[in-house]
Amino acid sequence: MEDFLPYLAVLLPAMTAAISTGAPILYATLGELVMERGGVLNLGVEGMMMVGALAAFLGCYHTGSPWFGLLCGGFSAMLMSMLHGAICLIFQGSQVVSGLALTIFGTGLANYLGTPYIQMKIQGFTALDVPLLSSIPVLGPIFFQQDVLVYLSYILPFLLWWLLMRTRFGLALRATGENPAAVRAAGISPGAVRWAALMLGGFLVGLGGAYLALASMRMWVDNLVSGRGWIAVALVIFAFWRPGRAVFGVYLFSGITAYLFRAQALGVGIPTAFLSMLPYLMTLAVLLASSLRGKDSGAPADLANNLRPED
Amino acid sequence: MFKRAMFLVLALALSCSAALAADAAKEIKIGFVYVSPVGDAGWSYSHDLARQELEKHSDISTYYMESVPEGADSERVILSMARKGYDLIFTTSFGYMDPTLKVAKQFPKTAFMHASGYKTSENVGNYFGRIYQSRYLTGMVAGLMTKKNQIGYVAAFPIPEVVRGINAFTLGVRAVNPKAEVRVVWTKTWYDPALEKDAAISLLDIGVDVIAQHQDSPGPQEAAQDRGAYSVGYHSDMSRFAPEAHLVAAVWNWVPFYLEAVDQVRKGTWQPKSDWPGMESGIVDISPYGKMVPEDVRATVDQRKQEIVDGKYVVFSGPINDQSGKLRVEPGKVLSDQELISFDWFVDGVVGTMN
Amino acid sequence: MMSGWRIVSRTEPREWGSVVIFAAAFALSLLICGLLLQVQGKDGALGVGLLLSGGFGHLYSYGETLLKAIPIFLCSLGVALCFRLQIWNIGAEGQYVIGTLGGTWFVLTFASLPGWLLLPGMLISAMLAGGFWACVSAVLRQRFGMNEIISTLMLNYIGIEILKYLIYGPWRDPAAMNFPVSPYFSDSAVIAQIWNSSFWLDFGLSENIVDVMAQLCGRAHWGILSCLIAGCLCSFFLQKTRLGYEITAAGSNAKAARFAGIPYSRLVILVMFICGALAGLAGIQECSATLERLEPHIVVGYGYTAVVVAWLAKLRTVRIAFFAIILAGLRVGVENVQLELQVSNSFANTLEGIILITVLAGQFFNDYSLKRKFS
């Protein structure tokens, strides 16, 4: 019996870690979700996060203000997202190819421009206990002894859910992802809605990158994002394009990773190949299960299709 | 278009004439092939520090190429360095071994040196440093400084070089603190700072109070600093990342070794051989201690360091038990270099598995 | 969408115009790269010169460029076939990996077979493995309605993890000091280089010619034959056979194709299998010809490059060859820039990204024209 105790005991710190390691992925996942709900597939998340992370670092490094850095991160990724918009919405390029190009370009550019700053440190965001709430037993340390960006990430899914499900804009956004012709018939320009989705989504993805620079590492290092952008792309699908499930998916994934690390530290041999496969296997399994139960995965019907410019 | 073409021709001509001018000055050209970005504070960085030192000599010019993937691409990079007429080419990752040998066959007049492998040929030597000696000493520091007798080790991949480091470190810990354990977590990355930081935090969560690492990023150091624990660095002095936590680091100093090789090539006395120098040559060392390391600890470790330098103490000397408690090295015996190069078992005191 | 201008779809494709547009986009991206070099205090013009001369300017550039173009071409050919049927297969990367595993398995298991069996066996085994891996996505799509972009992307990562597992586990060569590499392939399973200097010297060719040819061909291997064969077969298949016609027809309108009695599901599985087989072939050839054993570093993203190449080439075989060579040459050339100007390796990615983006945007002018709006 007492053999199990340490494994139970590390659950708590594992959850604490999952919240903070999950935060950047959560921002990116929600950002990609907004874009895909509007019908734009953006596989450039990885590159956008890199650019966002570098811009956030530079903003904070030169002004000393992490909040300014955060804005830089968001807006720079928004610019990248608009580049994707320019290629796909104006120049009619393929969304799949443009996204891949964006990842290659963004990763390269951020590493290239960041070279002179490697391993320079910044102040960034540090843990900030929420008064009262942080002293709740068990839950307090997990949820309320984190940094301020994590607290923002608690509110964000609710905001997004409200935006997507309860506002006219959200309705237009979802409709644009499903059937742009109907949106146009209703007198709204689907192109404009997609631009809005790209900008909002890009900004959120940028915050994810910024989190890595400003809160996780608090310095600039090469290849800071290391594949987290791709995990975000997978999680959007895992979440069936729903913000609530996205939160669940992100914390499930980061929680399992965090727990397995700790189990390994306690001396259990975990086949790490399986661990690294997990998010991808999970996504496939969930999609398969839903298909077997005859449920629709909820993919926006017009995802990855371009609007015809003549229309 | 015409202007553009002229421009290119001009550019090419310029680069050629620059090459000719260099030949006239009879300087020696050295190429370095790195597997990771030079800014990583790790393995490639340790070589690049030495390269920068060589560059200060007016008769040596150095060139490097970073982040060269091991495999088909590395052969081309080595090939183009050889074609450019470099006199001596250092290839600094295990995966470059076969490509180096292949290229060397075509350029018999060029000297090649491959780090961390085991093959040689007429013009390929291999070299490595006995960094495990430094690991052992840093293990002693960790063993003396731990209060909970639990030490964490963030490790990259289960290959012999890493296993050897973990084993030497653990022997060092156990030499001064038989009750202490070393817990290993594999990240399966050489360089993912955020992930490696998380791995270190997971070790701290289960109660270790010293973090050691075999990674190229300073992520684990950061974790120790944030949590008020101690840390042991690797590759280079990592105290700037964790001034409060950094006890000591196992460090490389390639400068004297590289200078000697360059000198031999210049004089024509260079011979391809397997070179595995240890602490006595200065190629491996430990960094200055952090201010929290008390005087008696420093004295104990310094004394052992002197014994190693003098050849009076051998790190992997029996009796050594493995994890299951089975005697693997008889008292009075030492492990051969061959056995060290292909290490695939953990010594007693390591908590963790081989995959 | 644009005020004052109207976007009109071109009824006839530009002929020579498309070449001009590509050249303009390419030049623009080189200009941007030159500027990026200037930003870090390097000579931009020199950098661009070094880039082009490294990839295409030396005798020995061509062999290297060709060597790198082989896997890109093969993967891209398969991807283009899928794209024709509107199947967005971005899984060539995973199929390449699994193909390598299939081939390696054959070589390691039947090492004692005679060469005339071992080599074809290796290639076929690789093609079957890659094809099978691609079929997983095809079946998931047709049977369970799973989006193939997603499943192929997921299977890429899973494939790479399987490779790592095998190479760190069961296939680790005990003779390699426990490093994560497989045992060497036996000699008869190694695909030879095209130019065999000693053979031609014995044949009586003069040393000068042999030397020049050796430089020109470099490390390019006989895998180039498989590119020629696959390219010709693909063109023939698409243009001259009923099945090929059906693929193009079904791609442009799946519903109509079903009504016309074209077995859509089987077509999907067929093209995915072909794509996987080609990617697998690319993988095992890369493995056998350049490394002569399996290493984790065999995975360098050719599968993703293939998607980009297929798209840039508008799925046409000859253009795929052209773009595969251009991209391969740039990758070779950028090493020259790195070496001479000592810029960081990320410059290579940046360059490739910029070229892709400009050329991608430039293609718009191929398909559409702007007309003044008269109101």
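Residues numbered from 1 in each chain as written. Chains lettered and ligands numbered in written order. Predicted model: local features only at pLDDT ≥ 70, side-chain atom pairs only at ≥ 80, totals over all residues. Heavy atoms only, no water.

Q: Looking at this structure, how should I read the sheet that holds strand S4 (residues 111-115) of chain B?
A: Residue and element names in this part refer to chain B. In space, the 6 strands of this open sheet follow the order S2-S1-S3-S4-S5-S11, with parallel pairing throughout. Two strands close off the open sheet at either side, each with one partner strand: strand S2 (60-65) and strand S11 (274-275). Relative to S11, strand S5 (residues 124-127) runs parallel, the two being bridged by 2 bridges. Directly across from Tyr127, in S11, lies its bridge partner Asp275. Set on the sheet, helix H2 (residues 43-55) makes contact with strand S1 (28-33), S2, S4 and S5; between it and S2 the angle comes to about 155°. (Pairing = 2+ DSSP bridges. Helix = DSSP H or I, 4+ residues; strand = E, 2+ residues; numbered from the N terminus. Contact = heavy atoms within 4.5 Å. Axes fitted to C-alpha atoms, helices over the stretch in contact; angles between N-to-C directions.)

Q: What is the right way to read the interface of chain C and chain A from this model?
A: By a widespread convention, an interface's size corresponds to the accessible area lost as its parts come together. At the junction of the two partners, chain C supplies 43 residues and chain A supplies 42 residues. Taken over both partners, the interface formed by chain C and chain A buries close to 4,000 Å², and the fraction arising from carbon and sulfur atoms is 82%. Across the contact surface, chain C and chain A share 0 salt bridges. Taken together, the links from chain C to chain A amount to 5 residue pairs in polar contact (both at pLDDT 80 or more). Looking at the side of chain C that touches chain A, the elements that each hand over two or more residues are strand S1 (5-9), helix H1 (16-39), helix H5 (115-144), helix H6 (148-168), helix H13 (302-312), helix H15 (346-362) and helix H16 (364-367) of chain C. (Buried area = accessible area lost by both parts, 1.4 Å probe. Salt bridge = Lys/Arg side-chain N within 4 Å of Asp/Glu carboxyl O. Polar contact = N/O pair within 3.5 Å; in protein donor to acceptor, adjacent residues only side chain to side chain.)

Q: How do you make sense of the pairing of S2 of chain B when you look at a structure like this?
A: Residues and elements named next belong to chain B. Here S2 lies mainly inside the structure; 6 of its 6 residues are buried. The alternating pattern of S2 places Ile60, Thr62 and Tyr64 and Ser61, Tyr63 and Met65 on opposite faces, both of which are buried. Pairing of S1 with S2, which is carried by 6 bridges, proceeds in the parallel orientation. Within S2, the position partnered with Phe32 by the bridge is Tyr64. With H2 bridging S1 and the parallel S2, this β-α-β connection has right-handed handedness. (Buried < 20%, exposed > 50% of the residue type's maximum accessible area, 1.4 Å probe, protein only. Right-handed = clockwise from strand over helix to strand, strands pointing away.)

Q: I would appreciate a short explanation of the sheet that holds strand S10 (residues 246-252) of chain B in the present structure.
A: One key point about sheets: their strands pair by backbone hydrogen bonds, in either a parallel or an antiparallel sense. Residue and element names in this part refer to chain B. Reading across the sheet, the 7 strands line up as S12-S10-S9-S8-S6-S7-S15 and stay open at both edges, with mixed pairing between neighbours. The open sheet has two free edges, formed respectively by strand S12 (284-286) and strand S15 (350-351), since each of these has just one partner strand. Bridge count between strand S7 (residues 181-186) and S15: 2 bridges; the pairing is parallel. If you follow Arg183 over to S15, its bridge partner there is Val351.

Q: How should I be thinking about H13 of chain C in this particular structure?
A: Think of an α-helix as turning once every 3.6 residues; residues three or four places apart then point the same way. Residue and element names in this part refer to chain C. Here H13 lies mainly inside the structure; 10 of its 11 residues are buried. Among the residues making up H13, those that are buried are Tyr302, Gly303, Tyr304, Thr305, Ala306, Val307, Val308, Val309, Ala310 and Leu312. In the stretch just after H13, Lys314 is the one whose phi turns positive, near 50°.

Q: I tried to follow the interface of chain C and chain B on my own but got confused; where do I start?
A: The interface is formed by 38 residues belonging to chain C together with 40 residues belonging to chain B. Summing both partners gives a buried area of about 3,700 Å² for chain C against chain B, and 58% of it is carried by carbon and sulfur. When the area that chain C buries against chain B is broken down by residue, the three leading residues are Met177, Phe179 and Leu339 of chain C, summing to 20%. Among the salt bridges present, the one from Glu335 of chain C reaches Arg76 of chain B, with a minimum N-O distance of 2.9 Å. Between chain C and chain B we count 14 residue pairs in polar contact (both at pLDDT 80 or more) in total.

Q: Help me understand the packing of helix H3 (residues 45-63) of chain A against helix H10 (residues 190-217) of chain A in this model?
A: The axes of two packed helices give the description: the angle between them and the distance between them. Residues and elements named next belong to chain A. As a packed pair, H3 and H10 sit with axes 7 Å apart at the nearest point and diverge in direction by 55°. With respect to H10, the axis of H3 lies oblique. By crossing handedness, the relation of H3 to H10 is classed as right-handed. Packed against H3, whose contacting residues are Val45, Met48, Met49, Gly52, Ala53, Ala56, Phe57 and Cys60, the element H10 presents Gly202, Val205, Gly206, Gly208, Gly209, Ala210, Leu212, Ala213 and Leu214 at the interface. Here the residues of the contact of H3 with H10 are counted per class, giving 12 nonpolar, 5 polar and no charged. (Parallel < 35°, antiparallel > 145°, perpendicular 65-115°, else oblique. Left-handed = near helix turned anticlockwise from the far one by under 90°. Nonpolar A, V, L, I, M, F, W, Y, C, P; charged D, E, K, R; others polar.)

Q: Help me understand the nonpolar core in this model?
A: Nonpolar side chains tend to gather and get buried jointly when the protein is soluble and globular. Of all hydrophobic cores here, the largest spans 315 residues; its most connected members are Trp220 of chain A together with Phe316 of chain B. In terms of nonpolar packing, the next biggest core, distinct from the first, is built from 20 residues, Val154, Leu195, Leu203 and Ala223 of chain B among them. (Core = buried A, V, L, I, M, F, W, Y, C linked by side-chain atoms within 4.5 Å.)

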